[in-house]
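# Analysis of the macromolecular model
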Amino acid sequence: MTRGIKRIAVNTGGGDAPGLNAVIRGVVRSALNRGWQVLGITRGYEGLYDTSKIMQLTRESVRGITHRGGTILGTTNKGDPFEFPMKAADGSMVVVDRSDEIVSAFNKLKIDALIAIGGDGSLRIAKKLYDKGIPVVGVPKTIDNDLSGTVITFGFDTAVTIATDALDRLHSTAEAHERVFVVEVMGRYAGWIALNAGVSSSSDVILIPEIPFDINAVCEKVMEREAEGRRFSIVVVAEGAKAAGGDMVTRGPKEAGREVRLGGIAEQVAAQIQQITGKETRAVVLGHLQRGGCPTTFDRLLALRFGAAAVRMVAEGRFGVMVALAPPQVLAVPLSDVLGRNRSVPLDCDTVLTAREMGICFGDTVQ
Ligand code: F6P
């Protein structure tokens, strides 16, 4: 089955996620064991515009990286070859299609297959390259856990663990000062990180994009606790959460070729809680801490499994697919089935039901 494959390439695109290096190691070791060569394309696809930046990946290059955060290949979320932002002669920014350069560099380097590790945006690019003739296998990465087709993405467990630890720590200072803390976590348009970390840390309120909130319901919960003698509260808010009838809070206008940046909701919610309840309230934004440092054991193992499975797909000649966790197996799903179908939190999922049954408030009126 592996007949014909001599050299593959791997790249990492979009925001980083803990476990990227473990995937790279899984890919490299499995491919070298099949007698293939592995090239690492640096900074998304940039290494293909300037091939002096391509890395030959050997056993030595992936030694001791399983537990390391970041990516040895570098990454970027501004490098879509189909919408590449460039400076025009007059200094203005223009968006150009450089995908043909990618395809010709790929062919010139005699690469037989590409393993593209990325989230929705990067896998969308990978699918377009597949449509242009590049044999591609995708590996689902994102701390947001919002990709369809896989039960979980690597990076998510680490982000939830970091957020849970932060929420645990904030509990003691909140209690000592009888304050309300509003803690903003990442997740983009999905509330998975907020939900899982909020329930695991026994937070009092969880605000997620899937459930538009009423600030009065949030304040009622805070005052209900006050009346019970619990004079502090912890509110977890996903960066994409919004008030009923309101909009998501963004940081500045959308830049060409990348998603709009979300952020700032915690400050708004904190100010409103303080104003309505009179309780001293602080906002904390966890931000990129959730993406930094070592992956958890769960993410390391999943990432290694994804890397090895991606090589298996290449060996079997299965392209235009993404590896996916369907416990207990890792299998392949067509990229065309998963892209553009971001997975949000189902309102009737067990974790939401558990939270409600434990008295956690979602800022709505359903109890
Ligand atoms: O998609 C991963 C993610 O960390 C989101 O949770 C967050 O909104 C975004 O990336 C942040 O992007 P950047 O690193 O460009 O600030």
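Just above sits the structure.
Residues numbered from 1 in each chain as written. Predicted model: local features only at pLDDT ≥ 70, side-chain atom pairs only at ≥ 80, totals over all residues. Heavy atoms only, no water.

## A closer look at the packing of aromatic side chains
The final tally for this structure, using the stated rule, is one aromatic pair. On the basis of an interplanar angle of 70 degrees and a centroid distance of 5.3 Å, the ring pair of Y49 and F84 is categorised as edge-to-face. Here Y49 is found in the loop between β2 (37–41) and β3 (55–57), whereas its partner F84 is found in strand β4 (residues 84–87), with 35 residues between them in sequence. The exposure class of F84 is buried, given its relative accessible area of 11%. The ring of Y49 is capped by R98, whose NZ or CZ atom sits 3.8 Å from the centre of that ring. (Phe/Tyr/Trp six-rings, centres within 6.5 Å; stacked < 30°, edge-to-face > 60°. Helix = DSSP H or I, 4+ residues; strand = E, 2+ residues; numbered from the N terminus. Buried < 20%, exposed > 50% of the residue type's maximum accessible area, 1.4 Å probe, protein only. Lys NZ or Arg CZ within 6 Å of the ring centre and 35° of its normal.)

## Considerations on the site of the ligand
Taken together, the residues surrounding the ligand are N77, I143, D144, M186, G187, R188, E239, R258, H288 and R291. N77 is positioned such that a nitrogen or oxygen atom in its side chain is 3.0 Å from an oxygen atom of the ligand. In this structure, an oxygen atom belonging to the ligand sits 3.0 Å away from a side-chain N or O atom of H288. Within the complex, the protein chains bury 84% of what would otherwise be the 400 Å² of accessible surface of the ligand. Grouping the amino acids of the shell around the ligand by side-chain chemistry returns two nonpolar, three polar and five charged. (Near = heavy atom within 4 Å. Polar contact = N/O pair within 3.5 Å; in protein donor to acceptor, adjacent residues only side chain to side chain. Areas by Shrake-Rupley, 256 points an atom, 1.4 Å probe, with all protein chains shown as cover. Nonpolar A, V, L, I, M, F, W, Y, C, P; charged D, E, K, R; others polar.)

## A word on a negative patch on the surface
On the surface, a cluster of negative charge is contributed by D214, E220, E224 and E228. Along the chain, E224 turns up in helix α6 (residues 215–227). Given a relative accessible area of 44%, E224 falls into the partly exposed group. (Patch = residues over 30% accessible without salt bridge, like charges linked within 9 Å, V, L, I, M, F, W, Y side chains within 5 Å. Salt bridge = Lys/Arg side-chain N within 4 Å of Asp/Glu carboxyl O. Lys, Arg positive; Asp, Glu negative; His and termini not counted. Charge placed at Lys NZ, Arg CZ, Asp CG, Glu CD.)

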